Amino acid sequence: VTGVQTCALPIWQAELDRSLRLAASAELASAMAHELNQPLSAIGLYTRSCEILLHARPVPELQETMAKISAEVKRAGDVVHKLREFYRSGGSRLETVSVLTLLRNAVRTEQERALRYGVELILEEDAHLPPVSVDQVQIGMVLHNLLANSIEAIRDAGSSVRKISLSAAAARDNMVAVTVTDSGPEIGRAHV
């Protein structure tokens, strides 16, 4: 009997430790989201003020840059908001959206970085894909990270072919498969 109690205690303790770690990470994420929200709001307000001033005395290059800053601040704010929402409720908010909209948004966020490193970013569009039910912010973050990683891999490899292709195709069970293909170095099987 003593052996059973001794065996059960570490399992129970491991579950308790896991729960405490999850609670602590949720608390930390909530605090970070709260702290990040204020500076992001301030950056958004300052950017909007600059856009208003630029409307009076236009400088096209600066107007374009300010619009990009506004878009990135909004995207960061959405991520922070989604993080807080996730840790409060433990769930995601699913929306029905066009796959092409998701892919175009991902390409738009990474296009400038790709151009900066001489990488051609190609979106292979298929207008016949069904809409998907996803958390747009989470999927947007995944696509952004995949494209950013591809750009960095190509940049670091110094490859003469510098191309990334983003595509989507219908898959089994009413799913849509999104594929990112790049001309960077191959990933060895040990790293997959």
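What you see is a predicted model, and the numbers here were worked out from it, not measured in a lab.

1. Focus on the pattern of salt bridges
Then, number 1: Throughout the structure, instances matching the rule amount to eight salt bridges.
Then, number 2: The salt bridge involving Lys74 is made with Asp78; its shortest N-O contact spans 3.0 Å. One end of the pair, Lys74, and the other, Asp78, are both in helix 2 (residues 60–89), four residues apart, so they sit about a helical turn from each other.
Then, number 3: Using a relative accessible area of 53% as the deciding quantity, one classes Lys74 as exposed.
Then, number 4: Residue Asp78 is classed as partly exposed on the basis of its relative accessible area of 29%.
Then, number 5: Several salt bridges share partner residues, and in doing so they unite Glu64, Lys68 and Glu112 into one network.

2. A closer look at the layout of surface pockets
Then, number 1: In this structure, the largest pocket encloses a volume near 920 Å³.
Then, number 2: For the largest pocket, the lining is made up of 29 residues, of which Ala71, Glu72, Arg75, Arg108 and Thr109 are closest to its centre.
Then, number 3: Looking at the lining of the largest pocket, the elements with two or more residues in it are helix 2, helix 3 (99–116) and helix 4 (136–157).
Then, number 4: Of all the elements, helix 2 adds the most residues to the lining of the largest pocket, at eleven residues.

3. A few points about helix 4
Then, number 1: Between the first and last C-alpha of helix 4 there are 31 Å, a value that for 22 residues agrees with the 32 Å anticipated at 1.5 Å per step.
Then, number 2: For helix 4, the complete set of buried residues consists of Val137, Leu143, His144, Leu147, Ala148, Ser150, Ile151 and Ile154. Along the long axis of helix 4, the arc covered by the buried residues comes to 160°, so they all point the same way.
Then, number 3: A side-chain oxygen of the first residue of helix 4 lies 3.2 Å from the backbone nitrogen of Val137; this N-cap is Asp135.
Then, number 4: Trailing helix 4 by a residue or two, Gly158 shows a phi angle of about 65°, which is positive.

4. Some points on the confidence of the model for the chain
Fine structural detail should not be taken from predicted coordinates in areas where pLDDT scores are low.
Then, number 1: Residues with a pLDDT of 70 or more make up 79% of the chain, whose mean pLDDT is 79.
Then, number 2: By mean pLDDT, the top-scoring element of the chain is strand 2 (residues 120–124) (93), and the lowest-scoring one is helix 1 (residues 2–56) (69).
Then, number 3: In this model residues 1–10 is a low-confidence stretch, pLDDT under 50, and it forms zero contacts with partners more than four residues away in sequence or in other chains.
Then, number 4: Scored below 50 in pLDDT, residues 188–192 shows one contact in the model against residues more than four places distant or in partner chains.

Conventions we followed
Residues numbered from 1 in each chain as written. Predicted model: local features only at pLDDT ≥ 70, side-chain atom pairs only at ≥ 80, totals over all residues. Heavy atoms only, no water. Salt bridge = Lys/Arg side-chain N within 4 Å of Asp/Glu carboxyl O. Helix = DSSP H or I, 4+ residues; strand = E, 2+ residues; numbered from the N terminus. Buried < 20%, exposed > 50% of the residue type's maximum accessible area, 1.4 Å probe, protein only. 1 Å grid on protein atoms, 1.4 Å probe; cavity = no way out; pocket = protein on both sides within 12 Å on 5 of 7 lines; lining within 4 Å. Points joined across faces, edges and corners; volume = space filled by probe spheres on them. Expected span 1.5 Å × (residues − 1). Arc of directions from axis to C-beta. Polar contact = N/O pair within 3.5 Å; in protein donor to acceptor, adjacent residues only side chain to side chain. pLDDT = per-residue confidence, 0-100. Contact = heavy atoms within 4.5 Å.

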